[in-house]
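# Chain and residue survey
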Amino acid sequence: MHEFLIYTISGLTTAGIYAITASGLTLTYVTTGVFNFAHGATGAFAAFAYWQMRYAWNWPAPLAILVTLGILAPALALGLERFIMRRLEGTSDATKLVVTVAVLVATVGIIQTIWDPNQFRTTKELFGKKFTLGSGNNGISIPYNDVTVLLLAAAVAIGLRLLLYRTRLGVAMRATVDDRHLAVMNGARPDRASQASWIIGTQLASLAGILVAPKLNLSALPLTLLIINAYAASMIGRLKSLPMTFVGALVVGLANDWVVGYLPKIKTGAQYLSGLRDVTPVAVLLLAVLLLKQTKLRGATRQRTREISPTPTWGGSLVFVGIVVVCAIAATPIMGAGDLFSSTKMWGIGIIALSFIPLVGYAGRISLCQISFAGIGAVVVAHAGANGAPASLLLAAVVAAVIGAIISLPALRLSGIYLALLTAAFAVALDRWIFQLPAFDWIGNKKFDLFESGSLSFERFGIGSLTVSTSKTYFVFGAVVFAIMALVIVAVRRSMFGQRLLALKESPAACETLGMNPRTTTLAVFTLSAGMAGLGGGIYGAALQTATPDTFQFFSGLAILLTVVVGGVSSIGSALFSAVFLGTPITTNLLNGKLTQATSILTGFGGIGLGNNPNGFIAADLRPRYALVTKYPALIAGAVGLIGVLYLLRTQDAVNGWVLVLGMIVILLALPGIALGLDTRKAGAVSTDGTSVPLEWLGLDQPPSAEDVLVLDKQLDLPEVSRVSA
């Protein structure tokens, strides 16, 4: 009993911290309609800032807390609301989720840039003294800090309840997310209500970060991902009930500390259950998402979005994949051995990126576990492809697809936030437990070790004497597989199945009204996406030749998702962008020694920009610009010739690789501008001073001439009409 009380008191303290952060998360969602995946990242940033002031600069603890909660947290909140969240109007729920994931990734990158992650840091509890409950050997020492945490959690819950239901500001907050326009008509000020909500939510995340930091080493990623524990409490409260959120925090906190305390005492199968200590809150989250009655999420009212999904042509797609393969073949002779080996992994990343397109881009379903399916595929290839059998890739795709179908079964009734949280919980469970399992008995008393005691080994593929064992051959092989998978995505988009996916994204209710089965369509796209990710994981693992569980961790999958969405999640070109950005040394070499977390920061800020351009830069910016270039074959031929000259100079070692790369970038970036200039001259009308005027300017500064009218008729393809004089 004494031991039980110790674990219970400890669990109540943990529950208090979860309650504080989960309350802030729930408040932000209830009042703004945005589920903030970056909630934990802002708390981690505040915890590091508090450490800097309290321990590095030796400020008094009250002053450091006051500055963190009273100045830094509101400043962060106002920046988030003004420059990021306010611009999400007219975007889908999927885009809103991705933007908050982008804030998370960027914040972690900034933290690790400012504070060296290799330096050991700790913080102390706010109150170090204890008092004893009971007497003698049965007495329990309780820190004043634990009591303070519980009192703070209770005060937060009561205060937020009063704010939302007993103040004008709280009513305005809730009214704004229910119907923004109606709230404005009744005198509410949505911007002010939103700012207040983000300030309070960020302050609570910061307070939770400061309180939980003494229980962990001060490290950015554990503090950030600790928010997943708070997600479970929020789900029990169904993202709207603060009292139930508090109850959920109690359940998660107590369950977590009871498991940590009693699990080591289990003797039978202890080695297989040890991972449960790290996934108890995740297990609660899974149960909460799957078992609780789902309600209509606030802010789910459909509105016309600014997102598009253009239909790719077969001609353009074949040209694209042909260029990819040709460039891969041309790159192998001129790349250094180290860079070539490092770059072979790009095609596995690219295929994993392609798996997001039908699921996220077409169907509008968010999955945060694609990297986990890739890990499953890698495990299958490592064990089944011991002799380099290429059939192991097909087996990896099938196994990952089957597991994806199983995972999608509970997802058939979920959407938006619930689905994202379900897949995130699955990914974290694999990271912290399943991939860490020791060897276990398999069929016929054979031992099966998932990651072979910590590290998988891969053999590259081959049939007889035909192999792709070298970096050069494997690089080309990966490009060919990527090209085939890209064409599969194009076929999906152009098929009737692709039309159903787009309809599912636009309005599931309308689909069901018209007789389409949304559940079958969701099951099919999840299965396809998981299978493709599993195939990509096999290609990725064989490129690396060795892999550990950390290779397929949850956070790595977020970076792939973000780069795909930044490029344009409906475009196969975005997968190539993701592969180049994350899988080649170009980015890291350009910023080597200047910004150690460059990739995370750039990826995060790129995702943040989706509020301005939810279609990504490839579909919205590059595609229209380069479509204009195709009107001028001579311009394309000239660009190819210049690149060819640079390539020949590189093969003769007359220039280095950076001259070739930067020269290609300059040429490709110049093409749209030159084409626009040619098109403007071609489409313009000659004015009285002999200058060429763009079509859209005709008639603005002077009346259009007869020649101008003829140019307009020609450009608009208008039929000639005989003039009838009056």
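Residues numbered from 1 in each chain as written. Predicted model: local features only at pLDDT ≥ 70, side-chain atom pairs only at ≥ 80, totals over all residues. Heavy atoms only, no water.

Right, let's get into the overall build of the chain. A tally of regular secondary structure across the chain gives 31 helices and 10 strands. For the chain, the residues scored as buried account for 50% of the 726 residues in total. Taking the intrachain contacts of the chain between residues at least 6 apart in sequence as the baseline, contacts between residues at least 24 apart amount to 76%. When the accessible surface of the chain is summed, it comes to about 33,100 Å², and 64% of that surface belongs to carbon and sulfur atoms. (Helix = DSSP H or I, 4+ residues; strand = E, 2+ residues; numbered from the N terminus. Buried < 20%, exposed > 50% of the residue type's maximum accessible area, 1.4 Å probe, protein only. Contact = heavy atoms within 4.5 Å. Areas by Shrake-Rupley, 256 points an atom, 1.4 Å probe, with all protein chains shown as cover.)

Here we come to the pattern of salt bridges. A full pass over the atoms with the stated rule returns one salt bridge. A salt bridge links Arg 650 to Asp 653; the nearest nitrogen and oxygen atoms lie 3.0 Å apart. Residue class for Arg 650 comes out buried when judged on its relative accessible area of 16%. (Salt bridge = Lys/Arg side-chain N within 4 Å of Asp/Glu carboxyl O.)

Taken together, the side chains of Trp 658, Leu 662, Ile 665 and Leu 669 present a nonpolar region at the surface, about 380 Å² in accessible area. Following the sequence through the fold, Trp 658 ends up in helix H30 (residues 657-683). (Patch = residues over 30% accessible without salt bridge, like charges linked within 9 Å, V, L, I, M, F, W, Y side chains within 5 Å.)

Counting 181 residues, the largest nonpolar core has Phe 35, Phe 37, Met 235, Leu 354, Leu 368, Phe 552 and Ile 560 as the members making the most contacts within it. No other element matches the 13 residues that helix H19 (residues 416-432) contributes to this core. In this structure Ile 560 touches Ile 349, Ile 352, Ala 353, Phe 356, Ile 371, Ser 578 and Leu 582, once residues within four positions along its chain are discounted. In terms of nonpolar packing, the next biggest core, distinct from the first, is built from 12 residues, Val 629, Leu 635, Ile 643 and Leu 646 among them. (Core = buried A, V, L, I, M, F, W, Y, C linked by side-chain atoms within 4.5 Å.)

What follows covers the packing of aromatic side chains. One pass over the structure, following the stated rule, counts 15 aromatic pairs. When the centroid spacing of 6.5 Å and the interplanar angle of 65° are considered together, the rings of Tyr 29 and Phe 35 count as edge-to-face. Given a relative accessible area of 3%, Tyr 29 falls into the buried group. For Phe 35, a relative accessible area of 2% puts it in the buried group. Ring geometry for Tyr 50 versus Tyr 55: centroids 6.5 Å apart, planes at 85°, classification edge-to-face. Put simply, the rings of Tyr 29, Phe 35 and Phe 37 touch in pairs and so form one group of aromatic residues. (Phe/Tyr/Trp six-rings, centres within 6.5 Å; stacked < 30°, edge-to-face > 60°.)

With that settled, consider the packing of helix H24 (residues 554-567) against helix H25 (residues 572-583). Between H24 and H25, whose axes approach to 8 Å, the crossing angle comes to 130°. Regarding the angle of H24 to H25, the classification is oblique. Once H24 is placed against H25, the crossing between them reads as right-handed. Packed against H24, whose contacting residues are Ala 559, Ile 560, Thr 563, Val 564, Val 566 and Gly 567, the element H25 presents Ser 574, Phe 577, Ser 578, Phe 581 and Leu 582 at the interface. (Axes fitted to C-alpha atoms, helices over the stretch in contact; angles between N-to-C directions. Parallel < 35°, antiparallel > 145°, perpendicular 65-115°, else oblique. Left-handed = near helix turned anticlockwise from the far one by under 90°.)

Another point: the side chain of Thr 13. Tracing the backbone shows Thr 13 in helix H1 (residues 2-32). Dropping the residues within four chain positions of it, Thr 13 is found in contact with Asp 146, Val 149, Leu 150 and Lys 215.

Turning to unusual backbone geometry, a few remarks are in order. At Asn 58, a position not held by glycine, the phi torsion is positive, near 60°. Of the residues examined, Asn 58 reaches a relative accessible area of 61% and is grouped as exposed.

On to helix H11 (residues 242-262). Here H11 spans 30 Å end to end across 21 residues, near enough to the 30 Å set by a 1.5 Å rise per residue. Of the residues making up H11, those classed as buried are Leu 242, Thr 245, Gly 248, Ala 249, Val 252, Gly 253, Leu 254, Asn 256, Asp 257 and Gly 261. (Expected span 1.5 Å × (residues − 1).)

This brings us to the packing of helix H5 (residues 144-166) against helix H8 (residues 190-212). One way to put it is that H5 packs onto H8 with a least axis distance of 12 Å and a crossing angle of 170°. Classified by the interaxial angle, the pair formed by H5 and H8 is roughly antiparallel. Contacts from Val 149, Leu 152, Val 156, Leu 160 and Leu 163 of H5 reach H8 at Ile 200, Leu 204 and Leu 211. Of the residues contributing to the contact of H5 with H8, the split by class is eight nonpolar, no polar and no charged. (Nonpolar A, V, L, I, M, F, W, Y, C, P; charged D, E, K, R; others polar.)

Glancing now at the side chain of Thr 8. Inspection of the secondary structure puts Thr 8 in helix H1. Thr 8 gets classed as buried once you look at its relative accessible area, which sits at 15%. Residues contacting Thr 8, with those up to four places away along its chain left out, are Leu 254 and Trp 258.

Taking 1.5 Å of rise per residue, the 23 residues of H8 would be expected to cover 33 Å, and the 33 Å separating its terminal C-alpha atoms lies within 8% of that figure. Extensive coverage of H8 is indicated by the burial of 17 of its 23 residues.

Looking at the chain, pLDDT values average 81 and 82% of them are 70 or higher. Looking at the elements of the chain, mean pLDDT is at its lowest for strand E9 (residues 685-686), recorded as 50, and at its highest for helix H20 (residues 471-494), recorded as 95. This stretch, residues 295-304, has a pLDDT under 50; its non-local contacts, to residues over four places away or in other chains, come to 17 contacts. (pLDDT = per-residue confidence, 0-100.)

This part is about the environment of Ala 208. The residue Ala 208 is located in helix H8 in this model. When the C-alpha positions of Ala 208 and Tyr 18 are compared, they lie 7.5 Å apart, and in sequence the two are 190 residues distant. Ala 208 has contacts with Ile 17, Ile 20 and Thr 21, leaving out every residue within four places of it along the chain.

Another aspect to go through is the environment of Val 105. If you trace the backbone, Val 105 turns up in helix H4 (residues 93-114). Spatially, the C-alpha atoms of Val 105 and Ser 600 are 6.0 Å apart, while their sequence positions differ by 495 residues. What Val 105 contacts, discounting residues up to four positions off in sequence, is Phe 555, Leu 558, Leu 562, Ser 600 and Gly 604.

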